[in-house]
Amino acid sequence: VDVADGTVVSLASGNLADAIRASAALPGIFAPVQIGDRLLIDGALAKNLPIDEVRKMGADVVIAVDVGTQYAPVEQLKSALDISSQAMLITTRRDVDRQIATLDKQDVFLAPPLSAIDTLEFNKSAEAIRLGEATAREQVERLRKFSVADAQWQAWVQKHRIAQDRELRVDRVTVRNRSAVPDASIARQITIQPGDVLSLEGISREINAIYGMGDFERVGFSVEVRDVRNELVFEPVAKSWGPNYVRFGLNIEDDFDGNSRYQIALNHHMTQLNAYGGEWKNTVQIGYEQRVLSEFFQPLGYGSDYFLLSSVSARRFVTDVPVGADTIAYSIRGGAVQVSAGLQLGPNLGAIYAGLHREWLRGSPKVKSTGLESVEANVGGVFAAFSYDQLDNVSFPKSGSEASFGVEMNRDWFESDDDYDKLGFAAARFATWGAHTFLLGLRLASSAGSELPFYDRFALGGFSSLSGYQSGALEGNYLALGKAVYWQRVGGGGQVLDGIYLGATVESGNVWNDRDEINSESLIFAGSVFVGLDTAIGPIYLAYGRAENSVESLYFFLGKTF
């Protein structure tokens, strides 16, 4: 249906993939498809069982399969939404009923009992197929008369199907860009070259790389023959809701002992700010740690792998400061600047970068009556980092790996009050079998023999980071954490709620002040159970964690806190 004027459009020629996508473009779920000068959506609203269109094509006998939604019984119409859905269904079903009434006795009509399966429950497709097969088998004798001999069928298949062993070599690769992203930036993701033999695996790899840039709503492709030359065309379409994005995050923790805290974050991300693809990200965070951060990312040319990254930030947090044999809670506030240069490693593989940083901190006791003085600290030094990310999903990955390594050296020659070093490594591997996903993760950190100041120590605690403890509850000069995570998809499958998951974690680790303290006997064991939702606004988690010595907490996460 043409969304501009409601005209029913019959597609008899052109690109088959575009025709299929247009026919499945449910309003509000999938984007309309532009074909020629028409903007098309699913024709279900106007003609959900187009028997008359089949007859216009010359069919003598029609096999009609009605998989549309049926009317809900009166006892199920309990809300305004139920009534609205039923009212919209009346329009659709009226045309379907008219179409069914035109069937003759030589035609075959099938109506699988799909009332228990919602339109968006794609995870129940196997059940829908089973019901459809059962319905067809009930009329197998009527369908059998349309069958042909096996030799005749094989001859038809050979005539109409391209041989699987036929090689299709590409003579040219082009990008039909429907976005503000520079062509060169997109072309950098493509590894297929003229002369290569095309394969679905290779094309899928390229589409995933382009889509992984994060700027596109969808990425299509086609193979077009021009002057006996095969042209592979990629067609990325810009997100209809970009190029600027806003994200929201909320964290709530409670340890069942009267201690609860929260954190709220708001992030504004601006992309494609200039011809080279500059990006500007601003984050405001309030709660137990308050923070304002502004980052600017600038590639050094069209499709360049080299980039500059700079940031300014301010933060305020509470930490325990050692005073004699005791610790006193101090409120710390400060600001920081950071500049770095780096190199992106291939299409969406990761990056390596290095730079300089400075931070100024000032703190005072939370309880003024202690009589303790305020503290001040200047931090400055150099850092370098490497990151690798091949996950297939940000919120609930099913496959892939990620890893990072970083080193930081703070020295007095850069006006740092404390000389100390920090080394950090983290890695994770995801794998999925059916509805079951497993994660193995490892995190290690070391001060390399130096003493970390109280305001910059390694920390553990929080969901899947020694669950049961509150975030950052354990601090030290050395850190180790290993974890295994399992979750199972139990529902979802729509645009708003893509997945519902049940899972559990098992974790072991600790932090230490001295290297000599590190041993297996000092490890803390912890675990959690959780419910996860993959939603349009980001992941949502509700988790219960418990560690040794009856340390326990309840966690709630909405979106990401960046």
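Everything numeric here is computed off the predicted structure, so don't read it as measured data.

Student: Explanation requested: the overall build of the protein chain in the structure shown.
Tutor: Helix and strand counts for the protein chain stand at 8 helices and 25 strands. Counting only C-alpha atoms and orienting by the principal axes, one finds that the protein chain spans roughly 95 × 60 × 45 Å. Out of the 562 residues in the protein chain, the part that is buried amounts to 35%. Contacts in the protein chain between residues at least 24 apart in sequence constitute 54% of all its contacts with a sequence separation of at least 6. Working note: accessible area of the protein chain is about 31,800 Å², and carbon and sulfur atoms make up 57% of it. A distance of 6 Å separates the average location of the 51 positive side-chain charges in the protein chain from that of its 70 negative side-chain charges.

Student: What should I look at first to understand unusual backbone geometry in this one?
Tutor: What is expected of a backbone is that most residues other than glycine have negative phi and most peptide bonds are trans. With a phi angle near 55°, Ala448 is a residue other than glycine that sits in the positive phi range. As for its placement among the helices and strands, Ala448 is situated in the loop between strand 18 (436–446) and strand 19 (458–460). Its identity as a non-glycine residue notwithstanding, Leu466 has a phi of 70°, on the positive side. Topologically, Leu466 is positioned in the loop between strand 19 and strand 20 (474–476). In this structure Leu466 comes out as buried when scored by relative accessible area, which is 0%.

Student: What should I look at first to understand the nonpolar core in this one?
Tutor: As a rule of thumb, nonpolar side chains are buried together in soluble globular proteins. Tyr455, Leu460, Leu466, Tyr469, Leu474, Leu479 and Ile524 are the most contacted members of the largest nonpolar core, which totals 22 residues. In this structure, Leu479 is in contact with Arg443, Leu444, Ala445, Phe458, Ala459, Leu460, Asn510, Val511 and Trp512, ignoring residues within four places of it in sequence.

Student: Quick question: what am I supposed to make of the pairing of strand 7 (residues 229–238) here?
Tutor: On a regular strand, one side chain projects to one face of the sheet and the next to the other, so that they alternate. Most of strand 7 sits out of view: 7 of its 10 residues are buried. When strand 5 (residues 172–175) meets strand 7, the two strands line up parallel, connected through 4 bridges. Directly across from Val173, in strand 7, lies its bridge partner Leu232. With 10 bridges connecting them, strand 6 (residues 216–226) and strand 7 associate as antiparallel partners. Residue pairing across strands places Phe216 opposite Ala238, the latter belonging to strand 7. The antiparallel pairing of strand 6 with strand 7 creates a hairpin that spans 2 residues between the two strands, and Asp227 there sits at a positive phi of about 55°.

Student: What is the right way to look at the sheet that holds strand 7 in this model?
Tutor: By definition, the strands of a sheet pair up through backbone hydrogen bonds, in either a parallel or an antiparallel sense. What the 3 strands build is an open sheet, ordered 5-7-6; its pairing is mixed. Where the open sheet ends on each side, the last strands, each with one partner, are strand 5 and strand 6. Between one strand axis and the next, the sheet turns by 20° as a mean value, whatever way the strands run. Each of strand 6 and strand 7 is contacted by helix 8 (residues 200–211), which is oriented at about 140° to strand 6, the strand it contacts most.

Student: Please clarify how the side chain of Glu206 should be interpreted in this entry.
Tutor: Tracing the chain through its elements places Glu206 in helix 8. Ignoring anything within four residues of it in the chain, the contact list for Glu206 reads Gln189, Ile190, Thr191, Ile192 and Phe234.

Student: So what exactly am I meant to see when it comes to the environment of Leu345 here?
Tutor: Within the secondary structure layout, Leu345 lies in the loop between strand 13 (326–344) and strand 14 (350–365). Relative accessible area serves as the criterion here: at 27%, Leu345 is assigned to the partly exposed category. C-alpha separation for the pair Leu345 and Asn48, spaced 297 residues apart in sequence, amounts to 48 Å. What Leu345 contacts, discounting residues up to four positions off in sequence, is Gly350, Ala351, Ile352 and Phe386.

Student: Explain a positive patch on the surface to me, please; I cannot follow it from the model alone.
Tutor: Residues Arg316, Arg333, Lys366 and Lys368 make up a contiguous surface patch of positive charge. Turning to its location among the elements, Arg333 is positioned in strand 13.

Student: Just checking my understanding: could you explain the pairing of strand 17 (residues 420–433) for this structure?
Tutor: As paired strands, strand 16 (residues 400–410) and strand 17 are joined by 11 bridges and run antiparallel to one another. In the sheet register, Met409 faces strand 17, and the bridge partner there is Asp421. As judged from the 11 bridges shared by strand 17 and strand 18, these two strands associate in the antiparallel manner. Looking at strand 18, one finds that Phe425 is bridged to Leu444. Connecting strand 17 to the next strand, strand 18, in antiparallel fashion are 2 residues, including Gly434 with a positive phi near 65°.

Student: Even after reading the chapter, I still don't get a nonpolar patch on the surface, so can you show me in this structure?
Tutor: Together, Leu349, Ile352, Phe386, Tyr388, Phe405, Leu423, Phe425, Leu442 and Leu444 give the surface a local cluster of nonpolar side chains, amounting to about 710 Å² of exposed area. Among the elements of the structure, strand 15 (375–389), strand 17 and strand 18 are those that each provide at least two residues to the nonpolar patch. Along the polypeptide, Leu423 turns up in strand 17. Exposure remark for Leu423: the relative accessible area of 30% places this residue in the partly exposed category.

Student: Looking at this structure, how should I read the pattern of salt bridges?
Tutor: Any two side chains of opposite charge can pair, so long as their charged atoms come close to each other. Using the criterion set out here, one finds 26 salt bridges in the structure. The shortest N-O distance in the salt bridge between Arg362 and Glu376 comes to 3.6 Å. Here Glu376 lies in strand 15 and Arg362 lies in strand 14, a separation of 14 residues in the sequence. Overall, Arg362 belongs to the partly exposed group, its relative accessible area being 43%.

Student: Is there a simple way to explain the packing of aromatic side chains in this structure?
Tutor: Where two aromatic rings form a pair, the distance of their centres and the angle of their planes describe that pair. For the structure shown, the criterion picks out 19 aromatic pairs. Aromatic side chains Phe396 and Trp487 sit 6.1 Å apart centroid to centroid with 80° between the ring planes, which places their arrangement in the edge-to-face category. Here Phe396 is found in the loop between strand 15 and strand 16, whereas its partner Trp487 is found in strand 21 (residues 478–491), with 91 residues between them in sequence. For the pair shown, Phe396 and Trp487 are each scored as buried.

Student: Just checking my understanding: could you explain the environment of Ile540 for this structure?
Tutor: Relative to the assigned elements, Ile540 resides in strand 24 (residues 538–547). It is 33 Å that separates the C-alpha atoms of Ile540 and Gly342, two residues lying 198 residues apart in sequence. Those residues in contact with Ile540, other than ones at most four positions away along the chain, are Val531, Gly532, Leu533, Thr535, Phe556, Phe557 and Leu558.

Student: Looking at this structure, I do not really get helix 3 (residues 80–100). What am I missing?
Tutor: Side chains that are three or four residues apart share a direction in an α-helix, a result of its 3.6 residues per turn. Taking 1.5 Å of rise per residue, the 21 residues of helix 3 would be expected to cover 30 Å, and the 30 Å separating its terminal C-alpha atoms lies within 8% of that figure. What helix 3 keeps buried is the set Gln86, Leu89, Thr92, Arg93, Asp95, Val96 and Gln99. For helix 3, the secondary structure elements touched by its buried residues are helix 2 (51–56).

What counts as what
- Residues numbered from 1 in each chain as written.
- Predicted model: local features only at pLDDT ≥ 70, side-chain atom pairs only at ≥ 80, totals over all residues.
- Heavy atoms only, no water.
- Helix = DSSP H or I, 4+ residues; strand = E, 2+ residues; numbered from the N terminus.
- Buried < 20%, exposed > 50% of the residue type's maximum accessible area, 1.4 Å probe, protein only.
- Contact = heavy atoms within 4.5 Å.
- Areas by Shrake-Rupley, 256 points an atom, 1.4 Å probe, with all protein chains shown as cover.
- Lys, Arg positive; Asp, Glu negative; His and termini not counted.
- Charge placed at Lys NZ, Arg CZ, Asp CG, Glu CD.
- Core = buried A, V, L, I, M, F, W, Y, C linked by side-chain atoms within 4.5 Å.
- Pairing = 2+ DSSP bridges.
- Axes fitted to C-alpha atoms, helices over the stretch in contact; angles between N-to-C directions.
- Patch = residues over 30% accessible without salt bridge, like charges linked within 9 Å, V, L, I, M, F, W, Y side chains within 5 Å.
- Salt bridge = Lys/Arg side-chain N within 4 Å of Asp/Glu carboxyl O.
- Phe/Tyr/Trp six-rings, centres within 6.5 Å; stacked < 30°, edge-to-face > 60°.
- Expected span 1.5 Å × (residues − 1).

This is a description of form; function is not addressed.
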